[in-house]
Number of protein chains: 2
Amino acid sequence: MQIDYKQAAEIIKSCDDVHILTHQSPDGDTLGSGYALYFALRQLGKRAAVICPDGATQRYAFIGEGYTEESFEAKTVIAVDVADPALLGSVRECYENRVDLCIDHHVSNVMYAKKTLLNGNAAANCEIMYRLFEELGIKTDNDIARCLYTGIATDTGCFKYGNTTADTHRIAAELIGYDIDFARINREMFDIKSRERIRLEQHILNNMEVHFGERCGVLCVTDSFRSELGVADEELDGIAGLPLQIQGMEIAVTLKEKSTGGFKVSMRSAGRVNVSAICQQLGGGGHINAAGCFIKADLDETKRRVLELAGKALGELN
Amino acid sequence: MQIDYKQAAEIIKSCDDVHILTHQSPDGDTLGSGYALYFALRQLGKRAAVICPDGATQRYAFIGEGYTEESFEAKTVIAVDVADPALLGSVRECYENRVDLCIDHHVSNVMYAKKTLLNGNAAANCEIMYRLFEELGIKTDNDIARCLYTGIATDTGCFKYGNTTADTHRIAAELIGYDIDFARINREMFDIKSRERIRLEQHILNNMEVHFGERCGVLCVTDSFRSELGVADEELDGIAGLPLQIQGMEIAVTLKEKSTGGFKVSMRSAGRVNVSAICQQLGGGGHINAAGCFIKADLDETKRRVLELAGKALGELN
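Residues numbered from 1 in each chain as written. Chains lettered and ligands numbered in written order. Predicted model: local features only at pLDDT ≥ 70, side-chain atom pairs only at ≥ 80, totals over all residues. Heavy atoms only, no water.

K.L.:
How would you sum up the interface of chain A and chain B? Please name residues and give values.
P.N.:
Opposite the 41 residues of chain A that make contact, chain B presents 41 residues. Interface of chain A and chain B: buried area, both sides summed, is about 3400 Å²; carbon and sulfur atoms make up 51% of it. Looking only at chain A, the three residues that lose the most surface to chain B are A:Lys160, A:His169 and A:Arg195, adding up to 20% of its buried area. The interface formed by chain A and chain B holds 6 salt bridges in total. As a salt-bridge pair, A:Arg184 and B:Glu250 come within 3.9 Å of each other at their nearest N and O atoms. If you list the elements that add at least two residues to the side of chain A that touches chain B, you get α6 (166-175), α7 (182-191) and α8 (195-207) of chain A. Element by element, the count of residues in the side of chain A that touches chain B is highest for α7(A), at 7 residues. Considered class by class, the residues forming the side of chain A that touches chain B number 20 nonpolar, 11 polar and 10 charged. (Contact = heavy atoms within 4.5 Å. Buried area = accessible area lost by both parts, 1.4 Å probe. Salt bridge = Lys/Arg side-chain N within 4 Å of Asp/Glu carboxyl O. Helix = DSSP H or I, 4+ residues; strand = E, 2+ residues; numbered from the N terminus. Nonpolar A, V, L, I, M, F, W, Y, C, P; charged D, E, K, R; others polar.)

Written as structure tokens, this is what we have:
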């Protein structure tokens, strides 16, 4: 059942002993939402624990500074930024049917929780948390400001993407008034890479295929590509948009070979081509600038089908 | 003479036939300020022309969309984001002694204009333009919003750097309410690189020296480096911070060999080391995270002097 901010605030006021769930492969927005909620619940005198399906990476450790781990039975379960119970990963079985409240900004939320506070217009889930805390009369402090800022910066590419709204900037204006080193946070989140990641990205940019006069870059992540580079799939997170760094590129295509056969296709657009429309024709979907589909075929046939539609879309631009 | 917003507004109200000067090697902030002032002056029914010392690059062409070139004798000259007449490049001789008003946010401004509106707290000069337009009662439109947003995004690294203030975000909140494709602007400004630039950055990252356990990267731009890569000095703009992309790096040092002998030293810090203090000891200066100096010595001796101080500063962190 979908509820509004006031109703969600009522649930939080009357709950206790809360397990807060983030999604697996946690990013700054789910962690920022989770820890901000923890600090808010502590302010209300309640006991809370953040449950992160497969643990947060060292990169995000700063978000939870000041958090004290405590073990207790949950009386209330709240999921943040989790659109689907499948994203609960290792804790899915334990929590799937007992999420009391889900706070989310994905319009694709499958409404698995007893109550859901959903705002698809929020660029980041942390924007929803901010409004909810206003409703609750929570006093923003340095910890909460750090968490919420990190989540908002994460999901907007530091205010760079089109999902950024006037509200996003207004909330950021307030949050940076607290004692948070947002420049350091942004550096950690957006600028720093490991030596291995730098090498991987270089390899990708230097070896991808280009089509239609350098307007479409295609990256084929086949089994032989993986073993040649010695990388696991999780290390390939975020590579789909890499080709769009190059001047003139309109479409980036990543074809990932699946162990069960066929290819997972990820498409990214620089803004002029609607890749969701292309993926829909191939049985998938997504957003205008980021979409995907699955094609059960060999590499050549997969590429042929994708490039046919990509070439047509590029032709229509002229 | 330094003046305030009200006095600057009076000058603009009573002026006409304005030549607006940007600095050489123009960036988004000087161009955004210049064209925004042009659109504001047109709104006030005045004639204006933007004079860009060595022309703007294609990259920034979108800023001046809607601008009409007109040739006329200047009755008033206004410089925007120009801290020193030396930055007027090819038009210095013509305008140096006749700048009526300078609008700037560099505390290093040498006060060469008859009147100067200076606000060193503004992250971008376009923030000053925004306040000045408020004072003048200028109605923000899509053209002005595009110019001001571009300038603010340029000088704050899209709200990423520590110079960003609550005001910066508040102004951005208003500006993105107009019909501007800020996501496209940010993509053009921050994400896109030429193939040549990508290759250059790869070469630099793969070939720089590292010291003190990968915490200090040193890039030596000697004459042989330049000829080996076949790059001119202007293509090396913005490389000084590259080493800081790598996890764990605290200091980036660039040593540029000068044709007249000696090395121009640029230092960048990830935030923990004060490189201005190091450069001051070497006869230079700058900001805490970005500073420089000149050392009249050969490469080995230059490197020795810089690394001695860098190593000492890194040692003090532990």
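Picking up where we left off.
K.L.:
Describe in detail the sheet that holds strand β7 (residues 216-221) of chain B, supporting the description with residues and values.
P.N.:
Residues and elements named next belong to chain B. The 6 strands lie next to each other as β6-β7-β8-β9-β11-β10, forming an open sheet whose pairing is mixed. The sheet is open, and its two borders are formed by β6 (209-211) and β10 (285-286), each paired with just one other strand. Judged from the 6 bridges that link them, strand β9 (residues 263-269) and strand β11 (residues 290-295) form a sheet pairing that is antiparallel. The residue of β11 that forms the bridge with serine 266 is glycine 292. (Pairing = 2+ DSSP bridges.)

K.L.:
Requested: an account of the relation of the copies chain A and chain B, with residues and values cited.
P.N.:
Expressed as a screw transformation, the operator carrying chain A onto chain B has a rotation angle of 180 degrees and an axial translation of 0.0 Å, and the superposed copies differ by an RMSD of 0.1 Å. Such values leave the two copies arranged in the relation of a two-fold axis. Using C-alpha coordinates, one finds that chain A approaches the rotation axis most closely at A:His169, a distance of 2.5 Å. In this assembly, 100% of the residues forming the interface of chain A have copies in chain B that are likewise at the interface, indicating an isologous arrangement. (Least-squares fit on C-alpha atoms with pLDDT ≥ 70 in both.)

K.L.:
Got a sec to walk through the packing of aromatic side chains? Specific residues and values, please.
P.N.:
For the coordinates displayed, the defined rule picks out 11 aromatic pairs over all chains. On the numbers, 5.9 Å between centres and 50 degrees between planes, the contact of A:Tyr149 with A:Phe182 is tilted. Pair noted here: A:Tyr149 is in helix α5 (residues 142-156) and A:Phe182 is in helix α7, with a separation of 33 residues, a long-range link. Residue classification places A:Tyr149 among the buried residues on the basis of a relative accessible area of 1%. Here the aromatic rings of B:Tyr38 and B:Tyr67 are separated by 4.5 Å at their centres, their planes lie at 70 degrees, and the arrangement is edge-to-face. Of this pair, B:Tyr38 sits in helix α2 (residues 28-43) while B:Tyr67 sits in the loop between β2 (48-51) and β3 (76-80), and the two are 29 residues apart along the sequence. (Phe/Tyr/Trp six-rings, centres within 6.5 Å; stacked < 30°, edge-to-face > 60°. Buried < 20%, exposed > 50% of the residue type's maximum accessible area, 1.4 Å probe, protein only.)

K.L.:
For the sheet that holds strand β6 (residues 209-211) of chain A, give the residues involved together with the corresponding values.
P.N.:
All names here are of chain A. Reading across the sheet, the 6 strands line up as β6-β7-β8-β9-β11-β10 and stay open at both edges, with mixed pairing between neighbours. Bordering the open sheet on either side are β6 and β10 (285-286), each of which pairs with just one other strand. Bridging between strand β7 (residues 216-221) and strand β8 (residues 251-257) involves 6 bridges; their strand directions are parallel. Along β8, the bridge assignment pairs glycine 217 with alanine 252.

K.L.:
Any details on the packing of helix α5 (residues 142-156) of chain B against helix α7 (residues 182-191) of chain B? Residues and values, ideally.
P.N.:
Residues and elements named next belong to chain B. Where α5 meets α7, the axes come as close as 11 Å, and the angle between the chain directions of the two elements is 40 degrees. One way to sum up the angle between α5 and α7 is to call them oblique. Once α5 is placed against α7, the crossing between them reads as right-handed. Here α5 contributes Arg146, Tyr149, Thr150, Ala153 and Thr154 to the contact with α7, which in turn contributes Phe182, Ile185, Asn186, Met189 and Phe190. Its residues assigned to classes, the contact of α5 with α7 shows 6 nonpolar, 3 polar and 1 charged. (Axes fitted to C-alpha atoms, helices over the stretch in contact; angles between N-to-C directions. Parallel < 35°, antiparallel > 145°, perpendicular 65-115°, else oblique. Left-handed = near helix turned anticlockwise from the far one by under 90°.)

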